[in-house]
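Report on the structure
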Amino acid sequence: MAPDKAPRCFQDVILTLQTYWAEQGCAILQPYDEQVGAGTLHPATTLRALGPKHWRAAYVQPSRRPKDGRYGENPNRLQHYYQFQVILKPNPPDLQQLYLNSLVRIGIDPLLHDIRFVEDDWENPTVGAWGLGWEVWCDGMEVSQYTYFQQVGGLDVRPVSGELTYGLERLAMYVFGVDRVYDLPFNDPDSATPLTYGDIFLENERQQSRFNFELSDPEQNLRWFNDAEATAKRLLGEGAVLPAFDYTLKASHLFNLLDARGVVSPTERQSFIARVRDLAKGCASAWEKLETAQ
Amino acid sequence: MPQLLLELFSEEIPARMQKRAEEDFAKLMGEKLKAAGLEPERINTFSSPRRLGLVIEDLPAKAADVNEEKKGPRVGAPDQAVQGFLKSAGLASIDQAQIVEDKKGAFYVAKIERAGRATAEIVQEIVPEIVRAFPWPKSMRSGVSDLQWVRPLHNICCVFDGEGVAIAVEGVGSARVTWGHRFHAPEPIEVRSAADHVSRLRGAKVLIEREERKRIILEQAKALCAAKGLELVEDIGLLEEVCGLVEWPVTLLGDMDAGFLDLPGEVIRLSMRTHQKYFAVRDPKTQKLAPHFVTVANVEAKDGGKAIAAGNARVLSARLNDARFFWDTDKKTPLYTDERRDKLKKIVFHQKLGSVWDKVERVKELTGDLRNFVHADGNATRRAVDLSKCDLVTELVGEFPELQGQIGRQLAVIHGEDAGVAAAIEDHYRPVGPSDRVPSEPISVVLALADKLDSLGCFWAIDEKPTGSADPYALRRSALGFVRIVLANSIRLRLALLTAIAVGQGVSISAQVQSGALQKKMADALRSAAGTAAFQDYVRELTRTDARPSDGKFERQTEREILSKGRDLLAFLADRLKVQLRDQGKRHDLVDAVFALGDDDLVRIVARVEALDAFLKTEDGANLLAGYKRAANILAAEEKKGKWSADEATGDVDASKLAEPAEKALADALSKALPAARAAVEREDFAAAMKALSTLRAPVDAFFEKVLVNADDAALRKNRLLLLTRLRDALSAVADFSKIEGS
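In this report, we go over the structure that sits alongside the text.

Rules behind the numbers
Residues numbered from 1 in each chain as written. Chains lettered and ligands numbered in written order. Predicted model: local features only at pLDDT ≥ 70, side-chain atom pairs only at ≥ 80, totals over all residues. Heavy atoms only, no water. Helix = DSSP H or I, 4+ residues; strand = E, 2+ residues; numbered from the N terminus. Rg over C-alpha atoms; globule rule 2.2 N^0.38 Å. Buried < 20%, exposed > 50% of the residue type's maximum accessible area, 1.4 Å probe, protein only. Contact = heavy atoms within 4.5 Å. Lys, Arg positive; Asp, Glu negative; His and termini not counted. Charge placed at Lys NZ, Arg CZ, Asp CG, Glu CD. Salt bridge = Lys/Arg side-chain N within 4 Å of Asp/Glu carboxyl O. Pairing = 2+ DSSP bridges. Buried area = accessible area lost by both parts, 1.4 Å probe. Core = buried A, V, L, I, M, F, W, Y, C linked by side-chain atoms within 4.5 Å. 1 Å grid on protein atoms, 1.4 Å probe; cavity = no way out; pocket = protein on both sides within 12 Å on 5 of 7 lines; lining within 4 Å. Points joined across faces, edges and corners; volume = space filled by probe spheres on them. Domains from an automatic or database assignment. Nonpolar A, V, L, I, M, F, W, Y, C, P; charged D, E, K, R; others polar.

Bringing the overall build of chain A into the picture now. Helix and strand counts for chain A come out as eight helices and nine strands. The C-alpha radius of gyration of chain A comes to 19 Å, within 12% of the 19 Å expected for a compact globule of 294 residues. Considered along the principal axes of its C-alpha atoms, chain A spans approximately 55 × 45 × 35 Å. Expressed as a percentage of its 294 residues, the buried residues of chain A come to 55%. Long-range contacts, defined as pairs at least 24 residues apart, comprise 67% of the intrachain contacts of chain A with a sequence gap of at least 6. Computed over 28 positive and 39 negative side-chain charges, the separation of the two mean positions in chain A equals 5 Å.

Here it is, written out as structure tokens:
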């Protein structure tokens, strides 16, 4: 079971996972070109989980969480990071084993490390989605989220999809024994131009944190949120589900930006979440109808 | 007799659900078997992350045969009745029934003989029913299957009497096969019996018994600690959880960077427990946390666990680094800042009751009221109130909500607050459970009482009282905590007034929140009325169990509402006191007898109950109670007959009409005992009051022995009834003796 060539850098982890899941029949997609808070929000997961059609895909998704910005000063927290997302619909009965094999492929030997499935029920209230599953621990470190989707956009999903999310930076830090994310080797450390994660992203974390907490314009973002919401509704009215979903994602990210500025009170927060959820539900049910009709 | 083994093999079951699932499985199996005519004596269960199972020894190979006679309609009854009988008895035609004669004539009888079904067949039928209806707290579907289970179900291993039993539920099949440890023994294993199942799985590195896993974890952990001169911080809840996360426990001692030991100890312990499921370790000499932890792995690693221990240590360091970052940030500013206050204004305490800061302001008002009864420095108390909730918006409490109060105290100390103020920040949540410490320092006491009283008053104001088992805001705990603080510190409160004020504040805030406008503060009206005669009357009336809202000053709608809710809250607090006294072994009837007096001073109530309890244990007390009962019975009987009225009872005993020496003696004794008892009650010396009353015992006994109450002479009779009325009044000064049982 030992891998031929153990990954040596961040991008090796990505390439290895892509190769592995391609072997399992997944379509290897590229990141979605909207700002999203999690890989799940890629339409390849949120929308494709709905309806009767079978589906298998895997992709890297940059994820933005404005509130998690730490100006590049925290060794673990980032406002922009990568998730590796896998969705198999319906989930095969041996999905757990397939997942464990992927860990072996990136160099985690289950007879040397302690791998555990610890209860963690996943929920994303802004898209009305939930599922049951675990966080997967490797020596006490959460390396993945493993979920059997039960509802998306407030709708029961049949068949059920199995969804895997690998937190790539954390996983890589663990595999390579690195304590500070910026020290991760990004490309081959023996190459002519070795690059670390920090070479590529440290300045971005500094500037984006400043933007998220100090420079973003809450009034403008509130206007844009209202516009995005109105556009999503209009597009849904026109039956243009996929563009409507794009505007739902824009609204969701604008809400996150507002939240990072601390201008959202707890009560307003609920109402913002409810507004995004309504859009997501609209997209979900329209998409499901489309998929079921075909 | 044959044995049944059943194992439901699935993906990882949440640790917190396993134990309960064992109980539910046994219960459902027992019920279903019973309904099928099998009554197992004992059902043993087991569970682990990947399995839930049971074993029944001594299950018969088949259910008992059924022989019963079913009586039908009379011979010649209408066809409809006959057809109905055939259907219910399972007969094809009436020829199959027998005809039996009795006094009333001939009727049909069906003899039903059913051979008992084979147990294996019954099991095949009931297991799918149980699986489909299993009461998991949350269950799910997976893939294309319709089956709902806690996580995907993969196999049912069912062996009865050494044979595999075929069971199928939505595509999940059964066999004599199971699987061992996920990584150590992934090959299928065939089992023949329960003992075989246990021993083969043990060979495949799975321990199916929870108790065994717990024992091993604890033994290994203690041994690891002892070998390094350390001591395990035992934690039963964590042990239960950890034993549900492993099938093959391998306990490891890990090292923690000693540099973290300057973080608050609770932060370290909680990081370990809630996030990582590690046990903490301490130095037995200093009793302080040691820079180590115990983790329980699920694998016998090739390197003896070195990589696992090192990996876990790194994860813990990352966690504690986060905690240190929070702690350093929190420490930078004093506990109270305007920024923290503004954050508290944004946190909703309850939708109808405003923000957490609104609560702080109400609590501050109540501490003013409470300081009329407890001596505590005003400025320091107000300072403590301002600080009391500030730690809720610190980074560290955001991460570890369980540390509310503790972090506030530490920050207060660091920034040089008064020691009493700092202690009050932590202690105002106390007591949180029956074994928790009760605050005793004045500022802590006032703050703890005010915080609880405010919650009670507010939730009473909006009708969110505990009902039955539902108590979402833990108000019973608040009320009991309130009572315990009052008693432990012997605080003399006018509780009727305080409960009304607290409810008044609740009504004000909920009106403010709902209308958005600042309403007249109802509590202030009550406060300003508190010294008036009308309010004194009200309080007296309020504390009577049969009281109605008073007239006059408190007639207006809102005031009536406040007073009636306040009274209800007072009764709720009194109930907590009753429970508390009953738990201490005080007779419930004595508690009732004192409560009936309508006192609202909890300390005085307890003193009365204790004096009464002691008094009734003496011979004088017991006899006097008998005398009281006799007097009360006579008076009640006369009242019932209409021969004695309340008007007559108000008269004075006429000394000139006292004929017998015994009644003269009683009148004499009463005229001394009554003022003595009242005076003793006045100065709250209830033992002395009882002692004064005990002088009545001999005259009362003699009176009943020598004197006929219902004399022919109306004047004599009236005088004697008056004498008994005075006796009843005298005893009522200390308790309502009519509530006391026995004689």
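All names here are of chain B. Applying the stated criterion to the full structure yields 82 salt bridges over all chains. Here Glu 219 ties to Arg 215 by a salt bridge, and the two come within 3.5 Å at their closest N and O atoms. Taken together, the residues span about one helical turn, with Glu 219 and Arg 215 both in helix H5 (residues 210-227) at a distance of four residues. Its relative accessible area of 46% is what places Glu 219 among the partly exposed residues. Assessed through its relative accessible area of 44%, Arg 215 is described here as partly exposed. A network of salt bridges, in which partner residues are shared, links Arg 409, Glu 426, Asp 427, Arg 430, Asp 436 and Arg 437.

Before going further, it helps to spend a moment on the sheet that holds strand E15 (residues 289-297) of chain B. Either a parallel or an antiparallel arrangement is found when strands of a sheet pair, and the pairing is made through backbone hydrogen bonds. Residues and elements named next belong to chain B. Across the sheet, four strands lie side by side as E12-E14-E15-E13; this open sheet has antiparallel pairing. Since the sheet does not close on itself, it has two edges, and those belong to strand E12 (231-232) and strand E13 (250-255), each with one partner. Of the strand pairs in this sheet, E12 and strand E14 (residues 279-282) are connected by two bridges, and their pairing is antiparallel. Bridged to Glu 231 within E14 is Arg 282.

Next up on the list: the pairing of strand E2 (residues 44-48) of chain B. Residues and elements named next belong to chain B. Note that E2 and strand E3 (residues 51-56) share five bridges and pair antiparallel. Within E3, the residue paired with Phe 46 across the bridge is Gly 53. The loop that links E2 with its antiparallel partner E3 comprises two residues.

Before going further, it helps to spend a moment on the interface of chain A and chain B. At the interface, 42 residues of chain A touch 49 residues of chain B. Regarding the contact of chain A and chain B, the summed buried area is about 3700 Å², with carbon and sulfur atoms giving 52% of it. Applying the counting criterion to the chain A and chain B interface returns seven salt bridges. Of the charged contacts in the structure, one is a salt bridge between Arg 16 of chain B and Glu 119 of chain A, with a shortest N-O distance of 2.7 Å. Breaking the side of chain A that touches chain B down by element, the ones donating at least two residues are helix H3 (95-105), strand E4 (115-119), strand E6 (129-138), strand E7 (141-152), helix H4 (168-176) and helix H8 (266-293) of chain A. The dominant element in the side of chain A that touches chain B, judged by the number of residues it contributes, is E4 of chain A, at five residues.

With that out of the way, let us pick up the nonpolar core. Ranked by internal contacts, the top residues of the largest apolar core, which has 141 residues, are Leu 612, Leu 696 and Phe 737 of chain B. At 13 residues, the largest contribution of residues to this core is made by helix H15 (residues 442-461) of chain B. When sequence neighbours within four positions are dropped, the list of residues in contact with Leu 696 of chain B reads Leu 624, Leu 666, Ala 669, Leu 670, Ala 673 and Leu 727 of chain B. Counting residues in each nonpolar core, the second largest holds 51 residues, with Leu 103, Tyr 174, Tyr 197 and Phe 201 of chain A among its members.

Moving on, we get to empty space enclosed by the protein. By the definition in use, this model includes four cavities of 30 Å³ or more. As for the largest cavity, its lining consists of 19 residues, and the residues nearest its centre are Phe 117 of chain A together with Glu 12, Pro 49, Leu 245 and Asn 298 of chain B. No fewer than three residues from each of domain 1 (4-62 + 118-203) and domain 3 (210-331) of chain B sit in the lining of the largest cavity. Size it by volume and the second largest cavity reaches roughly 80 Å³. Together, 13 residues line the second largest cavity, and Arg 116 and Trp 137 of chain A together with Gln 276, Thr 295 and Val 296 of chain B are the ones closest to its centre. Along the lines of polarity and charge, the residues of the lining of the second largest cavity split into five nonpolar, four polar and four charged.

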